[in-house]
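# A structural walkthrough
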Amino acid sequence: MKANTLNRRAMLVVFGLLMTAAVALPAAGQQQTTTAADDKIIAIDVLLQPDQTMVSKARAVNARLRGDYKDGYSLDATHTPHVTMVQRFVRAKDLNAVAAAVTKLLATERPAELELKGSRLVYQMWNGVALHALIVDRTPELIRLQQKVVDVVAPFAVSSGTAAAFIDTPEGADIIPYVASFVPKASGANYMPHVTVGVATEAFGKKITAEPFPAFTFHPAGVAIYQLGNFGVAAKKLWESGAAKGQAK
């Protein structure tokens, strides 16, 4: 196996591209009328929003990738860098309850106090392009938080979903069974935190990942929930913590 590539199983853990588009959740305690839309199953990502240090590093790498591959995407308002905590299928009508459960957890947990380290850049070939990510070192504190997020979301999880649970995702896409098996295949001992930064050609991937990589530290700036799209992109922002709302973008 090439030094700069991970096997397919590992990289399904490593990569999750990001996009945002805000939508509002009902206020806590607000009575809801069940509709077909409410009962719809959606795929969500509960994630950490990194601080400006990580965002700047991710955008710098992304700019280089786009210089090589013009059809790649920018890290912008609809492609926001993030660190996945858990991906699950839930019912749309339960989103407010999921957000409330995460909010309750954040009353005792302090993600912003975590000191995380971006340690290396890797890539994996996917659909003919090299998908790149900044790997975040696992720490006991991060693994403990990830497990707690998994636990509070678990009561609302459903076992499976279809392409309709995602944004712009075709039937048969790899992301569908991946989300169904995220717990336990990509959580706990198998959790590989990362920030996906873009796509390029394989030749450029070999070049850029062979360069010396200066490790750096950063902190989470907040917690958010997104609806997923194809390849694990966070395609629609559903909720974010009060701390995250106060952060400059």
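Details of the structure are given in the entry above.
All figures in this text were calculated on a predicted structure; none of them were measured in a lab. (Residues numbered from 1 in each chain as written. Predicted model: local features only at pLDDT ≥ 70, side-chain atom pairs only at ≥ 80, totals over all residues. Heavy atoms only, no water.)

## Section: the nonpolar core
Test applied: Residues belong to one nonpolar core when they are buried, are Ala, Val, Leu, Ile, Met, Phe, Trp, Tyr or Cys, and are joined through side-chain atoms within 4.5 Å. Between buried and exposed lies partly exposed: a residue is buried under 20% and exposed over 50% of the maximum accessible area for its type, with that area taken using a 1.4 Å probe on protein chains only. By the convention used here, residues are in contact when the closest approach between their heavy atoms is within 4.5 Å.
Ranked by internal contacts, the top residues of the largest apolar core, which has 61 residues, are Ile44, Val46, Phe166 and Ile225. Not counting chain neighbours up to four residues away, the residues in contact with isoleucine 44 comprise Val86, Gln87, Arg88, Val90, Leu95, Val98, Ile225, Tyr226, Gln227, Leu228 and Leu238.

## Quick look at the pattern of salt bridges
A pair can form between side chains of opposite charge whenever their charged atoms are brought close. Threshold: For this document, the term salt bridge refers to a Lys or Arg side-chain nitrogen within 4 Å of an Asp or Glu carboxyl oxygen. A run of DSSP states H or I qualifies as a helix once it reaches four residues; a run of E qualifies as a strand once it reaches two. Both are numbered from the N-terminal end.
The tally for this structure, following the rule as stated, stands at eight salt bridges. In this structure, glutamate 109 and lysine 148 form a salt bridge, with 2.8 Å as the shortest nitrogen-oxygen distance. Pair noted here: glutamate 109 is in the loop between helix H4 (95–106) and strand E3 (116–126) and lysine 148 is in helix H5 (residues 140–153), with a separation of 39 residues, a long-range link. Between glutamate 211 and lysine 207 there is a salt bridge, and its shortest N-O distance comes to 3.3 Å. If you follow the salt bridges from partner to partner, you end up with Asp39, Arg91 and Lys93 in one network.

## A short note on the sheet that holds E3
Pairing between the strands of a sheet is mediated by backbone hydrogen bonds and can be parallel or antiparallel. In plain terms, the rule: Pairing between two strands requires that DSSP report at least two bridges joining them. For helices, the axis comes from a line fit to the C-alpha atoms of the stretch in contact; other axes are also lines fit to C-alpha atoms, and the angle between any two N-to-C directions lies between 0 and 180 degrees.
Overall, antiparallel pairing links the four strands, which are arranged E6-E4-E3-E7 in an open sheet. Here the strands that pair on one side only, and so sit at the sheet edges, are strand E6 (194–200) and strand E7 (216–218). Averaged over all neighbouring strand pairs, the angle between strand axes comes to 40°, with direction disregarded. Of the pairings in the sheet, the one linking E3 to strand E4 (residues 129–136) comprises eight bridges and is antiparallel in character. Within E4, the residue paired with tyrosine 123 across the bridge is histidine 132. Along the sheet, helix H3 (residues 52–68) makes contact with E3, E4, E6 and E7, crossing E6 at roughly 15°. Each of E3, E4 and E6 touches helix H8 (residues 202–210); the most contacted strand, E3, lies at about 155° to it.

## Considerations on the pairing of E6
In terms of residue burial, E6 counts as a mostly covered element, since seven of its seven residues are buried. Across six bridges, the pairing between E4 and E6 is antiparallel. Within E6, the position partnered with alanine 133 by the bridge is threonine 196.

## Some thoughts on the packing of aromatic side chains
For clarity, the threshold we go by: Two rings belonging to Phe, Tyr or Trp (six-membered ring only in the last case) form a pair when the distance between their centres is within 6.5 Å. Interplanar angles under 30 degrees mark stacking, angles over 60 mark edge-to-face geometry, and anything in between is tilted.
Scanning the model with the defined rule gives four aromatic pairs in all. On the numbers, 5.7 Å between centres and 90° between planes, the contact of phenylalanine 89 with phenylalanine 166 is edge-to-face. A residue pair is termed long-range when its members are at least 10 positions apart, and phenylalanine 89 in strand E2 (residues 83–91) and phenylalanine 166 in the loop between strand E5 (157–158) and helix H6 (175–180) qualify at 77 residues. Judged on exposure class, the residue phenylalanine 89 and its partner phenylalanine 166 are both buried. On the basis of an interplanar angle of 70° and a centroid distance of 5.8 Å, the ring pair of tyrosine 178 and phenylalanine 182 is categorised as edge-to-face. Judged by relative accessible area, phenylalanine 182 falls into the buried class, the value being 2%.

Distances and angles like these do not, on their own, reveal function.
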